[in-house]
2 protein chains.
Amino acid sequence: MRALVSNDDGIHSPGIEALERAAKAAGFETWVVAPDREQSATSHALTLTRPLRVVKTGERSWVVDGTPTDCVNLAICRILKDVRPDFVFSGINLGPNLGDDVTYSGTVAAAFEGTLLGVPSIAFSLDCRKDGGAGPDFSEAEKVAEEVIRLALSRPMAEDVLWNVNVPEGRPTGIRATRMGRRRYGESVVEKVDPRGRPYYWIGGSHVDTHSDGSDLTTVAEGLVSVTPLHLDLTAYRSLEDLAARLAGSRANGPDRS
Amino acid sequence: MRALVSNDDGIHSPGIEALERAAKAAGFETWVVAPDREQSATSHALTLTRPLRVVKTGERSWVVDGTPTDCVNLAICRILKDVRPDFVFSGINLGPNLGDDVTYSGTVAAAFEGTLLGVPSIAFSLDCRKDGGAGPDFSEAEKVAEEVIRLALSRPMAEDVLWNVNVPEGRPTGIRATRMGRRRYGESVVEKVDPRGRPYYWIGGSHVDTHSDGSDLTTVAEGLVSVTPLHLDLTAYRSLEDLAARLAGSRANGPDRS
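Residues numbered from 1 in each chain as written. Chains lettered and ligands numbered in written order. Predicted model: local features only at pLDDT ≥ 70, side-chain atom pairs only at ≥ 80, totals over all residues.

A. Summary view of the pairing of strand β2 (residues 29–35) of chain A. Residue and element names in this part refer to chain A. Here β2 lies mainly inside the structure; six of its seven residues are buried. Here strand β1 (residues 2–6) pairs with β2 via four bridges, running parallel. Bridge pairing links L4 to W31 in β2. Running through helix α1 (residues 14–25), the crossover from β1 to the neighbouring parallel element β2 is right-handed. Relative to strand β4 (residues 61–64), β2 runs parallel, the two sharing four bridges. Across the sheet, the residue bridging to P35 is V64, located in β4. (Buried ≥ 20, exposed ≤ 12 C-beta atoms within 10 Å, placed from the backbone. Helix = DSSP H or I, 4+ residues; strand = E, 2+ residues; numbered from the N terminus. Pairing = 2+ DSSP bridges. Right-handed = clockwise from strand over helix to strand, strands pointing away.)

Structure representation (C-alpha cells):
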C-alpha cells in the first residue's frame, strides 16, 4: 500500500517525520510531497496564477513551492500519476485544527484535496499550544496516527468523507468520534498605541464553546483524541426549500425579467 | 437598517461600489470596512499573529490591512460595536465563487465570519472570466443584489446559514435556489521548461461537473443566477455512527490505553 504524506508546516517539520513513521508502522510505503516552507499562514487555495517548482529531495520525496493543496494536487495528478496512492495523510500539524478553524486549515485542506481527487484522506493535528520551548513532542500523536490509520484500513471509508484527527497534549485518555464544534475569536479586540502614537488592533480572546457536548473542541480539551468525519458539501439542504419559495416570488425568476 | 459591506478585491474595486448602491436602494445605511488591497490570493483566516491597522477613509468607511475575515471581525467586534449591523454583504466579487471553490473564497469567508458573529450575511460574485479588457460590467449584478437583499428582508434568514449568490455574465434569464456543485482543477497539469532549462508545472484545466443537476455551477453556466444556502458545519453526520463503531474497538478507547 502507498501513502502520500503532506502537511502545511513544510518538509522540515518534525510532525511530518512522525506521520511517515506512523504510516510505515501501519504497513505503508510512504511518498512525501510537501511544501518547501511553512504554509500555515498562506492561502490553501490551489495556485493557478503562477507556475510551481517541484524539487526531488529523495527517492520518494519532493518539495513544492506552493500550498498543501498544490502539493496533493500535483502529487496525485502528476508526480505519482503512475503509482496512485491508496491514502493521503496530512500532518502531523503543529497546533490543533478544531471547530470552525478547520475551514482555514492547510492541513485539513490537503486532506480535502485528496478526497476531491478520490483518494481516502486523513488529517492529523497535535494540540501543542502550551509548548514551553522544549519543542513539541510528537510521540503520543505518532502512536495515535498509527492506530487511526489501522482503523481506516479495517473497512473502506465513506466516499467524499475525510477524517480530521486532533490529539490532545500529553497522554490521551481515550478516543472519540466527534462533530465539528464552534470556536469564536475576536470578541475581545485589543486596541493599543504604537511608539509613534498610532493605534493598532490585535484580534484576541479565543472563546471555546463549552456547551457543545460531543464536539471536537470539548473532547480534546478533556484530554481525548477527537476524530471528526468531514464532508465537502457546505449546502444547507434544510434551507433549500425556503429559499426556493422566496425566489419563486422574485421578479428575477423567469424569462420575462425586466 | 444598517449594512456592513466588505469584499476581498479591496476598497477600490468597482464591485464594492455596486454592492453599496444595491444595499442603499434596498433601504440600508451602508458602513464599509474592507481590505486596503486585493486579498483574493491571500489566506482568509483571521490574522492573529500581527496587529492590524485601521484607517478611516470616510464618514462610514474604513480600510484594514488584513483579510476580509479580519475586516468583518474588527467591524462587528470593534468599529461598529455600538451600531451593530443588521446584515453583512460581501462582494460583488470579480469572478465566480462556485462549487468547491467557495471553501477558498475570501468573499464567502467574509459572509461566513458575519454568520459566525450572529449577523445574517450574503456573498455576491459575478462570473466575469471572459472579460475582454473593457472592464467588468456590474450593472446586472447590482440589480440582482438589490433584489436578493429584498428577498432576504422578506422574512428572517435561517440561523447559521448564509447565502452565496453568483451572477452569470450578461443578462440573467432567471434565478434559482441551488446546491454547491463539484469543481475539479488540475487533472491536466502542464509541464514546461523555462529559459534556463528548468522544468516548471502549471495547474490547469478546470473541469465543471455538468452531471450535477441543480448545482450552482450548472445553473450559472446556463445563464441563471444561483443562490446557494451554506452552513458552517462540515461534519459528515451520516458517517458518525460508523466511525464511533470503529473507535469502540480501538485500543486507544478507554482509560486503560497502553
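Picking up where we left off.
B. The arrangement of the packing of helix α1 (residues 14–25) of chain B against helix α4 (residues 139–154) of chain B in detail. All names here are of chain B. Running from N to C, α1 and α4 cross one another at 40°; their axes reach a closest spacing of 8 Å. One finds that α1 runs oblique with respect to α4. Handedness of the α1/α4 crossing: right-handed. Taking contact as the criterion, the partners of A18, L19, R21, A22, A23 and A25 in α1 are, on α4, A141, E142, A145, E146 and I149. For the contact of α1 with α4, the residue count by class is eight nonpolar, no polar and three charged. (Axes fitted to C-alpha atoms, helices over the stretch in contact; angles between N-to-C directions. Parallel < 35°, antiparallel > 145°, perpendicular 65-115°, else oblique. Left-handed = near helix turned anticlockwise from the far one by under 90°. Contact = placed C-beta atoms within 7 Å. Nonpolar A, V, L, I, M, F, W, Y, C, P; charged D, E, K, R; others polar.)

C. A look at the sheet that holds strand β4 (residues 61–64) of chain B. A sheet is described by the order of its strands in space; here nine strands give the open sequence β3-β4-β2-β1-β5-β6-β7-β13-β8 (chain B), paired in mixed fashion. Single-partner strands in this sheet number two, and they are β3 (54–58) and β8 (175–177) of chain B. For this sheet, the mean angle separating the axes of adjacent strands, direction not counted, is 20°. Bridge analysis of strand β6 (residues 121–126) of chain B against strand β7 (residues 161–167) of chain B gives five bridges, and the strand direction is parallel. Following the sheet pairing, A123 of chain B is matched in β7 of chain B by N164 of chain B. Helix α6 (residues 240–248) of chain A contacts β8 and β13 (225–231) of chain B of the sheet and is inclined by roughly 160° relative to β8 of chain B. Against the sheet, α1 of chain B contacts β1 (2–6), β2 (29–35), β5 (87–94) and β6 of chain B, and its axis sits at roughly 140° relative to β5 of chain B.

D. Focus on the nonpolar core. Ranked by internal contacts, the top residues of the largest apolar core, which has 153 residues, are V33 and L74 of chain A together with V33 of chain B. The contact partners of V33 of chain B, leaving out residues within four places of it in the chain, are L4, S6, W62, V64, C71, L74, A75 and I79 of chain B. (Core = buried A, V, L, I, M, F, W, Y, C linked by C-beta atoms within 7 Å.)

E. Just the sheet that holds strand β13 (residues 225–231) of chain A, in detail. All names here are of chain A. The nine strands are arranged β3-β4-β2-β1-β5-β6-β7-β13-β8 in an open sheet whose pairing can be described as mixed. Strand pairing shows two members of the sheet lacking a second neighbour, β3 (54–58) and β8 (175–177), which therefore form its edges. In this sheet, adjacent strand axes meet at a mean angle of 20° when their direction is disregarded. Here α1 sits on the sheet in contact with β1, β2, β5 (87–94) and β6 (121–126), set at roughly 140° to β5. Taken strand by strand, helix α2 (residues 68–79) contacts β1, β2, β3, β4 and β5, and its axis lies near 130° from that of β2.

F. Spotlight on the pairing of β4 of chain B. Residues and elements named next belong to chain B. Both β3 and β4 contribute to a ladder of four bridges, which runs antiparallel. Paired with V54 across the two strands is V64, which belongs to β4. The antiparallel pairing of β3 with β4 creates a hairpin that spans two residues between the two strands.

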